[in-house]
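In case you want the letters, here they are:
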Amino acid sequence: METNNNMKNLFSDSFALQCKTETDFMKAVHEMEKATSWIAGQETNSIKVVPVSGPIEAEQVSKRTNTSMEAAYETCDGEAGTQLLIEYGEKEYLIRTCAIRSLRESAKISGSALNRLGNYKLSEVLNLCFSVAKGSSLLLKRADKVSAVLSDNMGGYKIMPMPELLNVTRSRLEGDFGVPVYESGFVDHEITTVTWALPDRQSQIMDAYQKSIDLSQRRIYAAKFMPAVTFTSSDIGNCAATLYPHFITDTGGTFTLFNPIRVFHKRGAQEGVELFRQRSEELFSVFMTMNKNLKELSSLIIENPQNAFIGLCKKVEIPKKFGSPALEEFMQLIDDGSGAGRCTALDLYIAIGESVAAAKRLGCVGHQVSTLIENTSKILHQNIEDFDVAGVVAWSD
């Protein structure tokens, strides 16, 4: 994986950039935007998917699609690419691997059996469905390849340029939280995500945190967390433009006590970057809504923390390889020598958030981390008492 501002492989389906500095991150985002074009207004029933047999066709495909030999070869290679082209209007384009999901959605088909079809059979199925499709489509073309096939109908996909969304986010952070401190940023063809810490507001937000918890209960984790905001969005239809207010622990764990702010890429009466700007104004007040969750979580005693930890991880789909190291550390922390091993639901929830730190140590970035954070936050919508059971609760193999 690239770890600096090296964009030479942007054409590749496997392109991924973990950026060490905010400057590198913003440069990467702008470079991706420069390589992006949107092709709109074609009837969906005019779309045709064309299979290719293999790398032997790469030179011919490069000429037909007016793309680089590198990009054409990767697409023609069944190991690295889709071995599919798309005819749209009077032109042919390479299809990127991340476009397959939206291509199927535009054709109104789904199912795991599609994953087992070869490129020739898959193209036949897609073309049959496209031939009877209604409406029009919008193509995202980036760095020689089509990355998404989206709806261009009323209520369809709303383009929100990534640099504009990020400028809105940073301006809001500077206006309401002081000087944001860049933590990490990641871009690939599927997702853009960046996290800023908010040290200038740490004291105020943690004072509100401290006042909201039940001080009568033993606490495992001291209130020394760093407030932060993570921005995540995708322009291939994978997710909304989202702001996640959350806390970062000393070890890199992440937990949230709030609902994220989401603006979907959907056309409507209120839409797009302007709606995102309006919703971003809620960010500070969202941080201050933690009172109810904190009171409930900090007053609920968990008698079987190991079982509750594993049960909740299984429920919200946190893999064992991330959850198990966090659980081991947590069980050491709650051992007070009495053998009681009790804890509050708040400490249990924070401990599960340490799965994010474990995932990062194992090399996870981008979509993997953002999915894990979102899955962890789903615990807030569970009845945690239901998972506080005796006996043996085991991880699934």
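Here the structure is shown first, and the text comes after it.
Every value quoted in this text rests on a predicted model; they were computed, and no experiment measured them.

### Some points on the pattern of salt bridges
A side chain of one charge can pair with a side chain of the opposite charge when the charged atoms of the two come close.
Reasoning step 1: Scanning all chains against the criterion turns up 20 salt bridges.
Reasoning step 2: Across the salt bridge formed by Glu374 and Arg262, the nearest N and O atoms sit 3.0 Å from each other. Placement of the pair is Glu374 in helix α14 (residues 366-377) and Arg262 in strand β13 (residues 261-263), with a sequence separation of 112 residues.
Reasoning step 3: With a relative accessible area of 25%, Glu374 lands in the partly exposed category.
Reasoning step 4: Through salt bridges with shared partners, a single network forms among Asp13, Glu74, Arg96 and Lys145.

### Examining the packing of helix α12 (residues 320-334) against helix α13 (residues 345-361)
Reasoning step 1: Two elements in contact, α12 and α13, have axes whose closest approach is 7 Å; the angle formed by their N-to-C orientations is 130 degrees. Here α12 is positioned oblique relative to α13, judged by the angle of their axes. Along this stretch, α12 crosses α13, giving a crossing that reads as right-handed. On α13, the residues that touch Phe322, Gly323, Pro325, Ala326, Glu329 and Phe330 of α12 are Asp347, Leu348, Ala351, Glu354, Ser355, Ala358, Ala359 and Arg361.
Reasoning step 2: Among the residues forming the contact of α12 with α13, the class breakdown is eight nonpolar, two polar and four charged.

### Examining the packing of aromatic side chains
Reasoning step 1: Applying the stated criterion to the full structure yields 16 aromatic pairs.
Reasoning step 2: When the centroid spacing of 6.3 Å and the interplanar angle of 40 degrees are considered together, the rings of Phe25 and Tyr182 count as tilted. Here the residue Phe25 occupies a position in helix α1 (residues 22-34), and Tyr182 occupies one in strand β8 (residues 181-188), the gap between them amounting to 157 residues.
Reasoning step 3: Taking the relative accessible area as the measure of exposure, Tyr182 reaches 14% and is therefore buried.
Reasoning step 4: Between Phe255 and Tyr349, the aromatic rings sit 6.2 Å apart at their centres with planes inclined by 80 degrees, giving edge-to-face as the arrangement. Pair noted here: Phe255 is in strand β12 (residues 254-255) and Tyr349 is in helix α13, with a separation of 94 residues, a long-range link. Like Tyr349, Phe255 is buried.
Reasoning step 5: Grouped by ring-pair contacts, the aromatic residues Phe177, Tyr209, Phe225, Phe247, Phe255, Phe258, Phe284, Phe287 and Tyr349 constitute a single cluster.

Quick notes on the rules
Residues numbered from 1 in each chain as written. Predicted model: local features only at pLDDT ≥ 70, side-chain atom pairs only at ≥ 80, totals over all residues. Heavy atoms only, no water. Salt bridge = Lys/Arg side-chain N within 4 Å of Asp/Glu carboxyl O. Helix = DSSP H or I, 4+ residues; strand = E, 2+ residues; numbered from the N terminus. Buried < 20%, exposed > 50% of the residue type's maximum accessible area, 1.4 Å probe, protein only. Axes fitted to C-alpha atoms, helices over the stretch in contact; angles between N-to-C directions. Parallel < 35°, antiparallel > 145°, perpendicular 65-115°, else oblique. Left-handed = near helix turned anticlockwise from the far one by under 90°. Contact = heavy atoms within 4.5 Å. Nonpolar A, V, L, I, M, F, W, Y, C, P; charged D, E, K, R; others polar. Phe/Tyr/Trp six-rings, centres within 6.5 Å; stacked < 30°, edge-to-face > 60°.

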